[in-house]
Amino acid sequence: MSEPRINDRIRVPEVRLVGPNGEQVGIVRVEDALRLAAEADLDLVEVAPQARPPVAKLMDFGKYKYEAAMKARESRKNQINTIIKEIKLRPKIDKHDYETKKGHVVRFLKGGDKVKVTIMFRGREQSRPELGFRLLQRLAEDVAELGFVESQPKQDGRNMVMVLGPSKKKTAVRQEKRRDAEREAQDGSDSSSDASDDTTVETAAETAPETTQETTDA
């Protein structure tokens, strides 16, 4: 996005002028618009250069840039990066391995992350896609309390893929962890009230959420 043109950088004979409070002033010569800006101790900023004539507004450009930067900063602060974890399974996985992989899926969903579940077919297994479909259905049912099927099972080359989404968003998970940590700290403080003065109570700092993708092979 190009830098807005302000004051003497506006090179057109006239503009459609908007006042500082959004009121429509009308089409005026640039010289008159600049004079009004100077009288009000404001800037003349071109806000719609493609219009005919261009639209310009009277504003405090420095204040405008500051507020825009603060909004962008707040937006970045509140933005949560979506991380997709991946679990790979074989269609004929044994019970023990299945429970292990399911445990990984549960952990990821509890952490507020999406999970891509991939069934890998080899050799003659490729002629039995229903095995992979049933396995994915079984996994989805087993973790239904924590997540939902965001993307239904579909064939992807020699693999079959399904995406599970967490029931709780990462922001809710973080808030819940923060509340749990505060409660634990409070409980620790209460239980130590009768201890001697030289007793030190330590609480663990909240662990930062994972930011890297994990892949678990079959």
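Up top is the structure these notes are about.
To start, this report covers the structure provided alongside it. Fair warning: this is a prediction, and the values are worked out from it, not measured in the lab.

1. A closer look at the pairing of strand 8 (residues 159-166)
So, point 1. Among the eight residues in strand 8, seven count as buried, and that is most of the element.
So, point 2. As paired strands, strand 6 (residues 114-120) and strand 8 are joined by six bridges and run antiparallel to one another. The residue bridging V117 from the neighbouring strand is M162, located in strand 8.
So, point 3. The pairing of strand 7 (residues 147-156) with strand 8 spans seven bridges and is antiparallel. Residue K154 lies in a different strand from strand 8, and its bridge partner there is V161.
So, point 4. A loop of two residues connects strand 7 with strand 8, the two strands running antiparallel in sequence, and G157 in this loop sits at a positive phi of about 70 degrees.

2. Description of the pattern of salt bridges
Pairing between side chains of opposite charge can happen when their charged atoms approach one another.
So, point 1. Following the criterion strictly, the structure yields seven salt bridges and no others.
So, point 2. One salt bridge in this structure joins E150 and K114, with 2.8 Å as the shortest N-O distance. Of the two residues, E150 is situated in strand 7 and K114 in strand 6; the sequence distance between them amounts to 36 residues.
So, point 3. One network of salt bridges, in which partners are shared, links R29, D32, R35 and E39.

3. Notes on unusual backbone geometry
So, point 1. Here the amide bond leading from R52 into P53 is cis, since omega sits at 0 degrees, within 30 degrees of zero.
So, point 2. Mapped onto the fold, P53 is located in the loop between strand 3 (43-48) and strand 4 (55-59).
So, point 3. Not every positive phi belongs to a glycine, and D41 is a case in point at roughly 55 degrees.
So, point 4. Here D41 lies in the loop between helix 1 (30-39) and strand 3.

4. Some points on the environment of I84
So, point 1. Looking at the element boundaries, I84 is found in strand 5 (residues 84-89).
So, point 2. Taking the relative accessible area as the measure of exposure, I84 reaches 36% and is therefore partly exposed.
So, point 3. In the structure, I84 is positioned 28 residues away from G112 in sequence and 9.9 Å away in space, judged by C-alpha atoms.

5. Observations concerning the packing of helix 3 (residues 95-110) against helix 4 (residues 129-142)
So, point 1. Between helix 3 and helix 4, whose axes approach to 11 Å, the crossing angle comes to 55 degrees. When the axis of helix 3 is compared with that of helix 4, the two are oblique. Relative to helix 4, the crossing made by helix 3 is right-handed. Contact with helix 3, carried on its side by Y98, K102 and V105, involves L135, R138, L139 and D142 of helix 4 and no other residues of that element.
So, point 2. Across the contact of helix 3 with helix 4, the residue classes break down as four nonpolar, no polar and three charged.

6. Re the nonpolar core
So, point 1. One finds L89, V105, V115, V117, I119, L139 and L164 to be the most contacted residues of the largest nonpolar core, which totals 19 residues.
So, point 2. Contributing elements (two or more residues each) for this core: strand 5, helix 3, strand 6, helix 4 and strand 8.
So, point 3. Setting aside anything within four residues of it in sequence, one finds I119 in contact with L89, R90, P91, G132, L135, L136, R158, N159 and M160.
So, point 4. Counting residues in each nonpolar core, the second largest holds 10 residues, with A33, A37, L44 and A56 among its members.

Rules behind the numbers
- Along each chain, residues carry numbers from 1 onward, in the same order as the chain's sequence is written.
- Confidence filtering applies because this is a predicted model: local features only for residues at pLDDT of at least 70, side-chain atom pairs given and counted only at 80 or more, and all residues used for totals across whole chains, interfaces and linings.
- Based on all heavy atoms of the structure, the side-chain values leave hydrogens and waters out of the count.
- Each residue's exposure class comes from its accessible area (1.4 Å probe, protein chains only) as a fraction of the maximum for that residue type: buried when under 20%, exposed when over 50%, partly exposed otherwise.
- Every helix listed is a DSSP run of H or I at least four residues long, and every strand listed is a run of E at least two residues long, numbered separately from the N terminus.
- At least two bridges found by DSSP between two strands is the condition for calling them paired.
- The salt bridge definition used is simple: a Lys or Arg side-chain nitrogen within 4 Å of an Asp or Glu carboxyl oxygen.
- Fitting a line to C-alpha atoms yields each axis, with helices limited to the stretch in contact; the angle taken between N-to-C directions then spans 0 to 180 degrees.
- Oblique is the label for any angle not covered by the other classes, which are roughly parallel (under 35 degrees), roughly antiparallel (over 145) and roughly perpendicular (65 to 115).
- It is the rotation of the near helix from the far one that decides the hand of a crossing: anticlockwise by less than a right angle makes it left-handed, clockwise makes it right-handed.
- Contact definition: two residues touch when any of their heavy atoms are within 4.5 Å.
- Asp, Glu, Lys and Arg are counted as charged, while Ala, Val, Leu, Ile, Met, Phe, Trp, Tyr, Cys and Pro are counted as nonpolar; the rest, among them Gly, fall into the polar class.
- Residues grouped as a nonpolar core are buried Ala, Val, Leu, Ile, Met, Phe, Trp, Tyr and Cys residues, joined through side-chain atoms within 4.5 Å.

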